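Secondary and tertiary structure notes
In case you want the letters, here they are:
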Amino acid sequence: MPSNSPFPHAGFDGTLGFRREGYAFVSRRCERLGADAFRTRFLLRPVVCARGRAAAEMFYADDLAFTRQGAVPASATRLLQDEGSVQSLDGAAHRQRKRLFAAILGGDAVAHMRSAFGAALRSAAACWRGREVVLHREVRQVLTRVALGLSGIAADTATVKARARELGAMIDRAGSVGPANWHARLLRRRTEAWARGLVTAYRDGRLPEAEGGALALIAQHRDDRGEPLAPEVAAVELLNVLRPTVAIGRYVAFAAHALVRHPHWREAFAAGGEDDLLPFVQEVRRFYPFFPAIAGRARRAFVWRGHRFAPGDRVILDLYGTNHDPELWPEPEAFRPERFRHWTGDPFALVAQGGGEAAVTHRCPGEDLTLALTAEAVRVLCRDARYSVPVQDLSVSLSRMPALPASGVILRFA
Ligand code: HEM
């Protein structure tokens, strides 16, 4: 990386600082230096950290600028993505694979998922009557059941429990290193073997009931050279549908946290108000910490704000910091759904799930599903379930990645 860059330096190596300060790491340094981009090192390798709308636009303008290959330590990649997955691809191969996700999540898939999830959550809430439950843990089970069902995968209670545990560990431990991470990787191998078995069974004609679901679409998909996906890659993509669907449980827990902290919203939604439901869920995605940042490596040489990037240079886009950038969001630390009432949908401002155009860039293909299921959970929590909130630790630590309210949100159902 050239030394004549206009970006200031922020310490020799940020690895430990990032572990310690988590979501606040980039923003704190930006504020101290009075800049939206700075240079440091991660694991001794030079990196530019950046936040804000212009940085998001630079990072997500198209699929030519940055690759995810070699950008993130294996400890996180092995749990969240993997060899041959959509996120590891670039250019034409990436766009073709992205069509697969558009097919899985397009049409009326989101509406189906929403109504299946709503029904499952309502019946779960009926079973929770008279009990205290950790909402995050329970909702993950419900989401696992619904995700398997709509992927065309029949599952008994034991399978749902096992998959919920494994998929949950992949999400919880992605930010960890050492034994916790190794254990989750071990679990992941088990889940992958299970997913590979399903792909093979479908291709052998042993799962006709799976027709039309995510499993079938993945097993039938052809890459940009007209070849079917290798079983290992198909298994990874099946997990790329199941795991993040289960991860929506985190937003459900955060939405419940917001309803507890701001009870007037609970009252408004209980009275049937729908107009502010989408703004409320958007504010949950903006306000609460989930993916802290995305790392990429430059695919070509280019200049941004006077800094020359060479192929292979590393950049970290601060997603949380962009969602809390005071330039974009006045009073960013206030939870205020009203700010989304007349929002125009700027693709480089709310970047909880990436930026730009999903069909072209690495932006998440699951945003509509995330919004729909989180909104449905809010409806159920406000309209169909009666609960009180026992004393508990609802603090959300910004140094724990991925974050969650400490208690997991305990609710006592009446
Ligand atoms: C639970 C909330 C979710 C969050 C916070 C989230 C976050 C993200 C982020 C930040 C990215 C961009 C990665 C990058 O730029 O490299 C991404 C990509 C992706 N997400 Fe999500 N996501 C969520 C839900 C979902 C859902 C429900 C699905 C599918 C059912 C999904 C599937 C994917 C896939 C396949 C990619 C890779 C896309 C690509 O590389 O082109 N995600 N997600």
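Read on for a plain summary of the structure. (Residues numbered from 1 in each chain as written. Predicted model: local features only at pLDDT ≥ 70, side-chain atom pairs only at ≥ 80, totals over all residues. Heavy atoms only, no water.)

1. Some remarks on the packing of aromatic side chains
To keep things clear, this is the line we draw: In summary, the pairing rule links any two rings of Phe, Tyr or Trp, Trp by its six-membered ring, whose centres are within 6.5 Å, and it sorts them by plane angle into stacked for under 30 degrees, edge-to-face for over 60 and tilted for everything else. When a residue's accessible area, from a 1.4 Å probe over protein chains only, is under 20% of the maximum for its type it is buried; when over 50% it is exposed; and in between it is partly exposed. Only lysine NZ and arginine CZ atoms are considered, and such an atom sits over a ring when it is within 6 Å of the ring centre and within 35 degrees of the ring normal.
Scanning the model with the defined rule gives 25 aromatic pairs in all. Each ring, one from Phe302 and one from Phe309, has its centre 4.8 Å from the other, and the planes form 15°; the classification is stacked. In terms of burial, Phe302 and Phe309 fall into one category: buried. Ring-pair connections join several aromatic residues into one group, and the members of that group are Phe254, Trp265, Phe269, Phe280, Phe287, Tyr288 and Phe335. Here the guanidinium or amino end of Arg163 rests over the ring plane of Trp194, the centre of that ring lying 4.5 Å away. The side chain of Arg250 reaches across the aromatic face of Phe290, ending 6.0 Å from its centre.

2. Observations concerning the pairing of strand S1 (residues 37–42)
Worth spelling out the cut-off: Runs of H or I in DSSP of at least four residues are treated as helices and runs of E of at least two as strands, each being numbered from the N terminus. The rule for pairing is simple: two strands pair if DSSP sees at least two bridges between them.
Counting buried positions over the six residues of S1 gives five, a clear majority of the element. Where S1 and strand S2 (residues 45–50) come together, six bridges link them in antiparallel fashion. Across the sheet, residue Ala37 finds its bridge partner in S2, namely Ala50. Where S1 folds back onto S2 in an antiparallel hairpin, the turn is made up of two residues, including Leu43, whose phi is positive at roughly 50°.

3. Describing the site of the ligand
Stated precisely, the cut-off is as follows: Near residues are defined by distance, with any heavy atom within 4 Å of the molecule or strand qualifying the residue. In the scheme used here, Gly and all other residues not listed as nonpolar or charged are polar, with Ala, Val, Leu, Ile, Met, Phe, Trp, Tyr, Cys and Pro taken as nonpolar and Asp, Glu, Lys and Arg as charged.
Among the 29 residues in the neighbourhood of the ligand, the closest are listed as Tyr60, Arg68, Gln87, His362 and Cys364. The element best represented in the shell around the ligand is helix H11 (residues 231–261), accounting for seven residues. Here the shell around the ligand is composed, by residue class, of 17 nonpolar, 10 polar and two charged.

4. With respect to the coordination of the iron atom of the ligand
Here is the rule: Metal donors: N, O and S atoms at distances within 2.8 Å, or within 3.2 Å for Na, K and Ca, with water omitted from the atom set so that some sites may seem incomplete.
Just one protein ligand coordinates the iron atom of the ligand, and it is Cys364 (SG) at 2.3 Å. Within the element layout of this structure, Cys364 appears in the loop between helix H14 (319–323) and helix H15 (367–384).

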